[in-house]
Amino acid sequence: MSTGNVRGKLSHLSTQELVGGLLLLGIVILGLDLVRLLVTGELPLERLLSYTWNGIVDSLYIGLAAIGLSMTYSILRFANFSHGDLITTGAFSGWTVAYLVGGLGVADLSSRLLLRANGGAQPGSVGMDVLASPIAIVLGLLVAVAVTILVALAIDRFIYRRLRDEGGIPLLIASVGVALALRYLIAVFYTTETRIVVASPPEIAGIDVHQATLVVSAVALILGIHLLLQYTKLGKSMRAMSDNKDLALITGIPTERVIFATWVIGAGLAGAAGYLIVLNRGQITINLGWFLLLLIFAAVILGGIGSIYGAIAGSLVIGVTINLSLIWIPSDMNEIAAFVLMILVLIFRPDGLFSGVETA
């Protein structure tokens with residue numbers, strides 16, 4: 001091929017395609033460098049496997065939250081920016097109950113109620129781990145789901161339902177206001193202090209029990225959502241409404257019931273995700289869900305907005321990417337890798353990996 005032909009083809013490439021090509025070249029170079037590091041022994045295989053495993057664990061709690069966000073979008077057609085603070089709501093409500101139960105007779109009521117983990121209700125003394133306080137941990141998870149559902153239903157009843165016919169933009173703006181209100185309402189009671197609320201994770205045969213609990217819980221919830229969507233009347237109604245709301249209404253599908261179920265499922269998954277994130281990380285803060293929201297949106301967009309299975313796949317890609325990127329970049333910058341990958345996918349496949357309802 002002549003130089004002139006090459007220049008001619010390059011001149012017809014859009015700026016987006018050129019940027020995408022450069023990003024793709026960068027990923028190929030990193031892939032080759034990864035092989036070099038493994039061959040030369042600079043990167044031990046055990047370390048690579050550890051990064052990969054941590055990526056899978058991260059992808060599971062991101063996936064739980066991403067499923068809820070994707071369902072909200074596919075049914076209600078708006079990007080819910082309060083979803084991150086529903087995650088925070090689940091985390092604080094669940095761990096408060098866990099402390100109230102697990103710390104009974106060990107720490108005073110106010111210390112347990114307000115999660116003063118570096119005060120009288122320290123995680124070690126209260127016994128906040130799965131083996132020491134299994135009943136408290138399980139009860140906390142159930143309450144995290146229940147409280148988050150109730151909060152989401154109340155928000156929909158008094159705010160979102162009134163704006164439902166106004167379009168996606170008013171709902172989006174309202175959701176930002178709801179997010180701020182939720183976050184600072186939590187701060188009024190719990191303060192803005194970051195605190196450690198989970199004791200050091202016990203191990204059985206070298207397995208981190210807290211991570212194992214997260215994995216089992218998340219996989220069970222994701223499998224349950226799959227079975228609900230594929231094999232129940234409600235799931236079929238939800239998929240029909242996601243495809244065409246007007247047609248679903250004409251054919252007699254109870255749309256309000258489907259919307260109610262969407263909030264219950266989406267909020268429940270968000271609450272569970274928030275609680276399990278804290279179980280894995282050990283610490284809690286009022287900005288927990290807000291800081292995760294960009295990664296959750298990235299996973300949803302990467303997989304295809306409106307696609308439940310796309311959200312799961314996108315979460316897996318995001319989780320593994322941000323952990324493998326630690327091979328080359330510092331931990332406080334590793335989220336950049338996830339967004340670079342998202343940009344690359346959207347350049348060449350704008351509808352996402354699973355081509356959801358639409359890409360906003």
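Within each chain, residues carry numbers counting from 1 in the order of the written sequence. Predicted model: local features are reported for residues with pLDDT of at least 70 only, side-chain atom pairs are reported and counted for 80 or more only, and whole-chain, interface and lining totals are derived from all residues. Here the side-chain values reflect all heavy atoms present in the structure, with hydrogen atoms and water set aside.

- Named according to an unreviewed UniProt entry, the protein is Branched-chain amino acid ABC transporter permease originating from Halosolutus amylolyticus.
- UniProt positions are given in the numbering used here, feature names are shortened, and annotations may be inferred rather than shown by experiment. Taken directly from UniProt, the Subcellular location (unreviewed entry) text for the protein runs: "Cell membrane".
- Among the UniProt annotations of the protein, the heading Sequence similarities (unreviewed entry) holds the following wording: "Belongs to the binding-protein-dependent transport system permease family. LivHM subfamily."

1. Some points on the pattern of salt bridges
Okay, so step 1: Basic side-chain nitrogens of Lys or Arg form a salt bridge, by our definition, when they fall within 4 Å of a carboxyl oxygen of Asp or Glu. On inspection of all chains with the given rule, the structure shows three salt bridges.
Okay, so step 2: Of the charged contacts in the structure, one is a salt bridge between Asp33 and Arg36, with a shortest N-O distance of 2.7 Å. Taken as a pair, Asp33 and Arg36 lie in helix α2 (residues 15-40) at a separation of three residues, close to a single helical turn.
Okay, so step 3: Exposure classes here rest on a 1.4 Å probe applied to the protein chains alone. A residue is buried below 20% of its type maximum, exposed above 50%, and partly exposed in between. For Arg36, a relative accessible area of 39% corresponds to the partly exposed category.
Okay, so step 4: For Arg36, the salt bridge is made with Glu42, and the minimal N-O distance between the two is 3.0 Å.
Okay, so step 5: For Glu42, a relative accessible area of 49% corresponds to the partly exposed category.
Okay, so step 6: Residues participating in the shared-partner salt-bridge network are Asp33, Arg36 and Glu42. Numbering of helices and strands runs from the N terminus; a helix is a DSSP stretch of H or I covering at least four residues, while a strand is a stretch of E covering at least two.

2. A short note on the environment of Ser200
Okay, so step 1: Relative to the helices and strands, Ser200 is located in the loop between β1 (195-196) and β2 (203-204).
Okay, so step 2: Note: C-alpha distance between Ser200 and Glu42 (158 residues apart in sequence) is 30 Å.

3. Considerations on helix α4 (residues 83-102)
Okay, so step 1: The terminal C-alpha atoms of α4 lie 28 Å apart, and with 20 residues this matches the ideal 28 Å at 1.5 Å per residue to within 8%.
Okay, so step 2: Most of α4 sits out of view: 18 of its 20 residues are buried. One less than the number of residues in a helix, times 1.5 Å, gives the span that helix is expected to have.

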